[in-house]
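Spelled out from the first residue to the last, the chains are:
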Amino acid sequence: MSAAIAEPTITEDGRRIGGVVMEMRNITLRFGGVTAIKDISFDIREGEVRAIIGPNGAGKSSMLNVINGFYHPQEGEVWFRGEKRGPMKPYQIARQGIARTFQNIALFKGMSTLDNIMTGRLIHMKTGILGQAIWKGGAEREEIENRERVEKIIDFLEIQKIRKAPVGSLPYGLQKRVELGRALASDPQLLLLDEPMAGMNVEEKEDMSRFILDVNDEFGTTIALIEHDMGVVMDISDRVVVMDYGAKIGDGTPDEVRQDQKVIDAYLGVSHD
Amino acid sequence: MSSGTALPENLDSFPKLVERNAREFPSRAAYREKEFGIWQSWTWAEARDGIEAIARGLIAMGLAKGDHVAIVGRNRPYFYWSMLAVQYAGGIPVPVYQDSVADEMAYVLDHCGARFAVVQDQEQVDKLTDVAERIPALERIIYVDPRGLRRYDHTNLVSLSDLRKSGEDRKAETEGELRARVDAAKASDTCIILYTSGTTGRPKGVVLTNANVLITARNSCDFDALTHEEDVLAYLPMAWVGDYVFSMGQACWAGFCVNCPESAETMQSDLKEIGPTYFFAPPRFFEGLLTSIMIRMEDASPLKQRIFHHYIDHAKRIGPALLDGREVGTGDRLKYRLGHALVYGPLLNATGLSRVRVGYTAGEAIGPEIFEFYRSLGINLKQLYGQTEGTIYITQQPDGEVSADTVGVPSPGVEVRIGDSGEVFYRSPGTFAEYYKNPEATAETKDPEGWVATGDAGFFEPDSGHLRIIDRAKDVGKLTSGALFAPKYAENKLKFYPNILEAVAFGDGNDYCTAFVNIDLTAVGNWAERNNIAYASYQELAGHPRVYAAIQEHVEEANRSIAEDALLSHCQIRRFLVLHKELDADDGELTRTRKVRRRIIAEKYAPLVTALYDGSDSVYIETEVTYEDGRKGAIKATLEIRDAAVVTPDIQKVAAE
């Protein structure tokens, strides 16, 4: 079919962009009579930061839900790591190595930062109920190993100060960071971020941008993100998909997209004469 | 007393002390750091091996004897080791404040001609790269945290772990050179250069010798009987002389353990986990802690509040006497013990101060109520007075002779005299060698006989023999009436109120005194919340009429207290305003050690100062602010100016002068 597997390339700042990890082929998603996504195709390559942008209601979040398998499109195919994906159960979704954060923060408010991030490790824990009850031996060792990984993430995101604080009491910007931490804890191959910078001030946005770039750089994690803030998107992503009214109207590097007339029209509006 | 005697030859440099400690206490903890949520620790033997490996790496990289190496980082064992490693290799470490902006950093690195720099992370590497053309002597940057730096051009960049590894790999070939350099060190060699932030002008590089630092360390360890059993928390800037003396000088001399917090923000909880036995903190720390204790207590149940206040009142009455070993009745003693079980003990434990055997505060005046509060709980909190040029110690308070408004007696080996103008002079084994590459400034500060001018005005209290500091000598001025004007005296009275973070008094050459006031956002914000006062920004809260009313009450109360001192009663604040922004070191309004730069403030806010004296009720101002990333912005505000009631001093008292 289309889109030949691209050759690995090296970006200007020296990161290696590999072959295609995920491919969307002619996706159409309907909710009853509403068509949220119309015949969209694009791919995500290993190690890149891929952004999906578009005005409100363009279908971006639906697209993200298709990528992580929460929605199954009525038409079209989703190919992940060379395999065509069918409908999945939630635990299957979790195990495929795709982690995400949510637009409206979905943390356990009463639990501490540490415990919230620990939940991201659950899929890597193998001890059963009996083992957990006996604790000594396997379960304890497993807890220590996973805690170590979580502590590295806490260090990475510089949230040592709030390690033991209940996340419900934290300011919004920090909750977003904790959520990123939980997503990272599952050691994802593909990380989906749904408006990671929504509602943040300039300084928080800068911090978050730095963390996203560092995650991509340090762990080599492939990142797909939705974002409203055009400035941020253009600065941190390698390639951008532009959606409007459920359809794809642009795809390419930030520079290409920025000059695309259809994109300009969608964002700035056109006069109807 | 051994205070004047020279150092033994086998202990006259830092590397020799580290060797001794590794020999005598090989398995005792020398450094601890909280990382990844647990306290990691290194024994003296491990620390020695780490330091030696870094030193070998530096030698292999081409560090020559006498080379300067800049150290830019927060308190972490790696930076302390790097400083020691530089000294092992015969170089001179130059610690730099890590929150300096690129321009300040470029000045210091260029002035000292550093060939290498050991820095914390990408942020510091970027800063140095930005000003690279201004620091041509800098050859290599060594970084600790590799994050974000992997893809940087590594021609002039190397990670500390790689440097250390290269040192280990080249052990055999560097061995001879390393030993020769360690053995060659002598007491008169330069130990370190510390740049003082200074309230005016460019920073000056204070050159301290091994003898300066180590004799001072020895004398001060003897003074407070510090041993290898102590634990300190290293959280104050590494470029500040205090941290160098406490966490390096005294730690290496006595062989005690230096504990590094996980991050600057977690200092409070790390303090609690470590429970230091020897602790230094600036007055603002104790003020902040007391404020947060009181805020927490207001949220407690009525029963708890009553128990708390009842026993705290008892402690205030009995505690200081107990601490000073004065006579106290048996009943009071028993009640104090009960109070300890119920209130003081748990409180100290929660703050991390329960093991403190020797505590010091310095840098600014501390409010008497605050000082007494901690002492009444049984913390041996004392004051010291000093400066970088004297390797910190000039005077300090011996156990049992402590008071809030003096700074104690001359430290061992230090001579102090008061000049004709009232300025304090001292001469000591810690007196600095010179200002680096600045003979004029050296000659201005230190006379040929070794007496150093502190720039502070003060006097010895006749009854106690303790030194009392009034203000910076050059800040002491006169009102048009000829009365003495000591801005700090008035400012300190104001700053003792928890609601007031900072105050700047004016009056020199004018008819009366006026002041700018900065509110304390934590305290005032909490009060606002309690009283249902809504506010959207610092600026709005600062200008709120009820905040103004509260501040006015404080000013008037302070005036009453100022009026009691016959000599300084003219320093009462006649008019004041509440500033719309917090004074900030990034805007040049404070020094990096958070001292007010009054001249800069007076220039920058000239329209406000004018308005304080021309009788207007309000004034409009636009102020430039610098954000943390170096960008600039402006804030606009219309500020209200208020009159405060003053107390007319007793006429006869004035006439009698």
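What you see is a predicted model, and the numbers here were worked out from it, not measured in a lab. (Residues numbered from 1 in each chain as written. Chains lettered and ligands numbered in written order. Predicted model: local features only at pLDDT ≥ 70, side-chain atom pairs only at ≥ 80, totals over all residues.)

With that settled, consider the overall build of chain B. Summing up its helical and strand segments, chain B has 22 helices and 28 strands in all. Relative to its length of 657 residues, chain B is compact, with a C-alpha radius of gyration of 26 Å against a globular reference of 26 Å. C-alpha atoms of chain B, sized along the principal axes, occupy 80 × 65 × 55 Å. Here chain B, with 657 residues, has 46% of them falling under the buried criterion. Long-range pairs, those at least 24 residues apart, make up 64% of the contacts in chain B between residues at least 6 apart in sequence. (Helix = DSSP H or I, 4+ residues; strand = E, 2+ residues; numbered from the N terminus. Rg over C-alpha atoms; globule rule 2.2 N^0.38 Å. Buried ≥ 20, exposed ≤ 12 C-beta atoms within 10 Å, placed from the backbone. Contact = placed C-beta atoms within 7 Å.)

When helices and strands are tallied, chain A shows 10 helices and 12 strands. Taking the principal axes of its C-alpha atoms as reference, chain A extends roughly 70 × 40 × 40 Å. When the 273 residues of chain A are sorted by exposure, 36% land in the buried category.

Below, the discussion takes up the interface of chain A and chain B. Residue-level contacts link 13 residues of chain A with 10 residues of chain B. Secondary structure elements with two or more residues in the side of chain A that touches chain B: α5 (138-156) and α7 (202-219) of chain A. Ranked by residues supplied to the side of chain A that touches chain B, first place goes to α5 of chain A with four residues. For the side of chain A that touches chain B, the residue count by class is no nonpolar, two polar and 11 charged. (Nonpolar A, V, L, I, M, F, W, Y, C, P; charged D, E, K, R; others polar.)

Bringing the environment of Tyr195 of chain B into the picture now. Relative to the helices and strands, Tyr195 of chain B is located in strand β8 (residues 190-196). When the 25 C-beta atoms within 10 Å are taken as the criterion, Tyr195 of chain B is described as buried.

Take the pairing of strand β27 (residues 618-626) of chain B next. All names here are of chain B. In the sheet, β27 pairs with strand β28 (residues 632-643) via nine bridges, with the strands oriented antiparallel. What sits directly across from Glu624, in β28, is Ala634. Counting the residues between successive antiparallel strands, the hairpin from β27 to β28 contains five residues, one of them, Gly630, with a positive phi of roughly 95°. (Pairing = 2+ DSSP bridges.)

Before going further, it helps to examine the domain arrangement of chain A. Residue and element names in this part refer to chain A. For chain A, the assigned domains read domain 1 (1-97 + 188-273) and domain 2 (108-186). Once you take the C-alpha centre of each, domain 1 and domain 2 turn out to be 27 Å apart. At the junction of the two partners, domain 1 supplies 11 residues and domain 2 supplies nine residues. Elements with a minimum of two residues in the side of domain 1 that touches domain 2: α2 (90-95) and α7. (Domains from an automatic or database assignment.)

Tracing the backbone shows Arg472 of chain B in strand β21 (residues 467-472). In this structure Arg472 of chain B touches Gly455 and Asp456 of chain B, once residues within four positions along its chain are discounted.

This next bit is on the nonpolar core. Of all hydrophobic cores here, the largest spans 132 residues; its most connected members are Ile71, Ala85, Val96, Leu109 and Ala117 of chain B. When we break this core down by domain, the ones giving at least three residues each are domain 1 (9-222 + 238-253) and domain 2 (283-354 + 356-431 + 441-472) of chain B. Not counting chain neighbours up to four residues away, the residues in contact with Ala85 of chain B comprise Ile51, Ile54, Ala55 and Leu58 of chain B. By size, the runner-up hydrophobic cluster in this structure holds 59 residues, among which are Val21, Met22, Ala36 and Val167 of chain A. (Core = buried A, V, L, I, M, F, W, Y, C linked by C-beta atoms within 7 Å.)

Attention now moves to the confidence of the model for chain B. Residue and element names in this part refer to chain B. With 98% of its residues at a pLDDT of at least 70, chain B reaches an overall mean of 91. Low pLDDT, under 50, characterises residues 651-657; the predicted model gives this stretch three contacts beyond four residues in sequence or across chains. Among the prediction metrics, the complex's ipTM stands at 0.81, with pTM recorded as 0.84. (pLDDT = per-residue confidence, 0-100.)

All names here are of chain B. As far as domains go, chain B holds domain 1 (9-222 + 238-253), domain 2 (283-354 + 356-431 + 441-472) and domain 3 (477-656). Relative placement of domain 1 and domain 2: their C-alpha centres are 32 Å apart. With 16 residues of domain 1 at the contact, the number on the domain 2 side is 11 residues. Looking at the side of domain 1 that touches domain 2, the elements with two or more residues in it are β8, β9 (204-209), α8 (210-223) and α9 (241-254). Top element by residues in the side of domain 1 that touches domain 2 is α8. It accounts for eight residues.

Residue and element names in this part refer to chain B. Between its first and last C-alpha, helix α7 (residues 171-184) extends 19 Å over 14 residues, near the 20 Å set by a 1.5 Å rise per residue. The largest bend in α7 comes to about 25°, at Glu177. Listing the buried residues of α7 in full gives Thr174, Leu178, Arg181 and Val182. Its buried side turned inward, α7 meets α1 (14-24), α2 (44-61) and α3 (77-88). (Expected span 1.5 Å × (residues − 1). Bend = angle between axes of the 7 residues up to and from the residue.)

Residues and elements named next belong to chain B. Inspection of the secondary structure puts Cys112 in helix α4 (residues 102-112). In sequence terms Cys112 and Pro282 are 170 residues apart; their C-alpha atoms lie 29 Å from each other. Not counting residues within four places of it along the chain, the set of residues in contact with Cys112 comprises His68, Val94, Ile193, Gly205 and Tyr436.

Right, let's get into the sheet that holds strand β6 (residues 140-143) of chain B. Residue and element names in this part refer to chain B. With parallel pairing, the five strands of this open sheet are ordered in space as β4-β3-β5-β6-β7. The open sheet is flanked by β4 (92-95) and β7 (157-159), the only strands paired with a single partner. Going across the sheet, the axis of each strand differs from the next one's by a mean of 25°, ignoring polarity. Where β6 meets β7, three bridges bridge the pair, whose relative direction is parallel. By the bridge assignment for β7, Ile141 is matched with Leu157. (Axes fitted to C-alpha atoms, helices over the stretch in contact; angles between N-to-C directions.)

Residues and elements named next belong to chain B. Two elements in contact, helix α16 (residues 487-495) and helix α19 (residues 545-563), have axes separated by 9 Å at closest approach and are oriented at 130°. Between α16 and α19, the crossing angle belongs to the class labelled oblique. Between α16 and α19 lies a crossing of right-handed hand. Touching Ala490, Lys493 and Leu494 of α16 are His554, Val555, Ala558, Ser561 and Ile562, all from α19. Grouping the amino acids of the contact of α16 with α19 by side-chain chemistry returns five nonpolar, two polar and one charged. (Parallel < 35°, antiparallel > 145°, perpendicular 65-115°, else oblique. Left-handed = near helix turned anticlockwise from the far one by under 90°.)

Residues and elements named next belong to chain B. Non-glycine residue Phe36 carries a positive phi angle of around 55°. Note on placement: Phe36 falls in the loop between β1 (29-35) and β2 (38-43). The class of Phe36 is partly exposed, set by 16 C-beta atoms lying within 10 Å. The residue Lys437 is not glycine, and still its phi comes out positive at about 50°. Residue placement: Lys437 occurs in the loop between β19 (434-435) and α15 (439-445).

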